[in-house]
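A closer look at the structure
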Amino acid sequence: MSQALVRIAAGWLLGLMLAVAGAVVAVNLVNNTVASPQQPVREYLDALQDGDGGKALGLLRATVPPSNAAMLDGTGLQTAASRLANIEIGDPVERPGDQVVVPMEYTIDGSRLRTDFLLEKTGTEWIFFNTWAFVPTRLPTIDITVVNGNRANVNGVPVNMPNGRNSFAVFYPGEYEAALDGQYFSAPASRATVTARDVPVAPLNLLTQATGKLKEDVAGKVKEFLDNCAAEAMKEQRLQPDCPFYYASNNRVQDGSIKWTVTEYPNVSIEPFDGRWVVAPLDGKAKVEALQQNLFTGVWYPLEEEVDFSFTTRLDVSGDTVKVTPMLTF
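Note that the structure is a prediction, hence the values are computed from the model and not measured.

**Brief notes about unusual backbone geometry**
- Residue P173 is bonded to the preceding Y172 through a cis peptide linkage, with omega at -5°.
- Secondary-structure assignment places P173 in the loop between strand 11 (165-169) and strand 12 (174-181).
- Of note, D98 is a non-glycine position whose phi angle comes to about 55°, a positive value.
- Within the secondary structure layout, D98 lies in the loop between strand 3 (93-95) and strand 4 (99-108).
- A residue is classified by how much of its surface remains accessible, and D98, at 52% relative accessible area, is exposed.
- In this structure, D109 takes a positive phi of about 55° despite not being glycine.
- Looking at the secondary structure, you find D109 in the loop between strand 4 and strand 5 (111-125).
- For D109, a relative accessible area of 54% puts it in the exposed group.

**Brief notes about the environment of D316**
- Considering the arrangement of structural elements, one finds D316 in strand 21 (residues 300-318).
- Note: C-alpha distance between D316 and R276 (40 residues apart in sequence) is 9.1 Å.
- Beyond its immediate sequence surroundings of up to four residues, D316 is in contact with T321, V322 and K323.
- A polar side-chain atom of D316 sits 3.3 Å from a polar atom in the side chain of R314.

**Details of the state of the cysteines**
- The full count for this structure, using the stated rule, is 1 disulfide.
- Note on cysteine connectivity: C229 is disulfide-linked to C243, with sulfurs 1.9 Å apart. Judged by the sign of its S-S torsion, about -110°, the cystine formed by C229 and C243 is left-handed. Here the residue C229 occupies a position in helix 5 (residues 212-236), and C243 occupies one in the loop between helix 5 and strand 16 (252-253), the gap between them amounting to 14 residues. Comparing C229 with C243 shows no difference in burial state: the two are buried.

**Description of helix 4 (residues 74-82)**
- Regarding helix 4, the residues found buried are G76, L77, T79, A80 and A81.
- Lining the buried residues of helix 4 we find helix 2 (38-50), helix 3 (53-60), strand 10 (157-160) and strand 12.

Each value, and the rule that gives it
- Residues numbered from 1 in each chain as written.
- Predicted model: local features only at pLDDT ≥ 70, side-chain atom pairs only at ≥ 80, totals over all residues.
- Heavy atoms only, no water.
- Helix = DSSP H or I, 4+ residues; strand = E, 2+ residues; numbered from the N terminus.
- Buried < 20%, exposed > 50% of the residue type's maximum accessible area, 1.4 Å probe, protein only.
- Contact = heavy atoms within 4.5 Å.
- Polar contact = N/O pair within 3.5 Å; in protein donor to acceptor, adjacent residues only side chain to side chain.
- Disulfide = S-S within 2.5 Å.

Next comes the structure, spelled out in structure tokens:
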């Protein structure tokens, strides 16, 4: 064989070797990037951040437990994922049975956390490229309760709370915040971080309180009731009116001289009790003025006395309507 033919053959052989080497490198590159076990994790994370619950559920191959689905799509899901920062997807760690664990580290509220995703090899495409999928799982849940309430907000989404409680299926990782910010009732925000399917999540308990607006509106209705009661007592000229306050006297009182004035209005305190909201007993002071006659001497002289009073009420709140019903005993 001539030297020219040898050189040509050697060139072809070198080219073939380079082509094979390039193909191997390309296959390895693809298997370490778009066909790597990390790729489904990247796609799943993108779906969470987009609030695309349907795509996330399909990628995770997860079943949904009996629960409220408000956090599985849209704003609730997107908000949960938006709180992840400094995300790093690590190298896969092999497990038996063509399975791998892909670790993902991130921070939430400054705390460094980690979630391990279990994936399995499901086959190859075009002979060389591996395909990977999450090992089927089941979504975790978060239980939320609210004192004397049937509504709440979770990750900014209004949700129903039948009998003051509900259970919500959630994706992971993510952070979920429950709060109540109503006109008449509110509760400080409470947060739960979900890092994995099998890590227990403490229930979120919303400790509802009456707002200043409710106390103000109740106080206004109590004041209106007492002022009307005092005005009616003056109109009827009664020392013992159908009011929380009264005055007992054995002297004769000049008709037309009786005047009632509320001098100290009750402070309003509203607390939960036995599944409802109650107003604490209302204590105040009222002043009666009149002209009275001593029955023994016949002398007329001024009456001016301040009396303490106390009464209870029934509180009914429906939407933006507040009703206060005095409970008086005579």
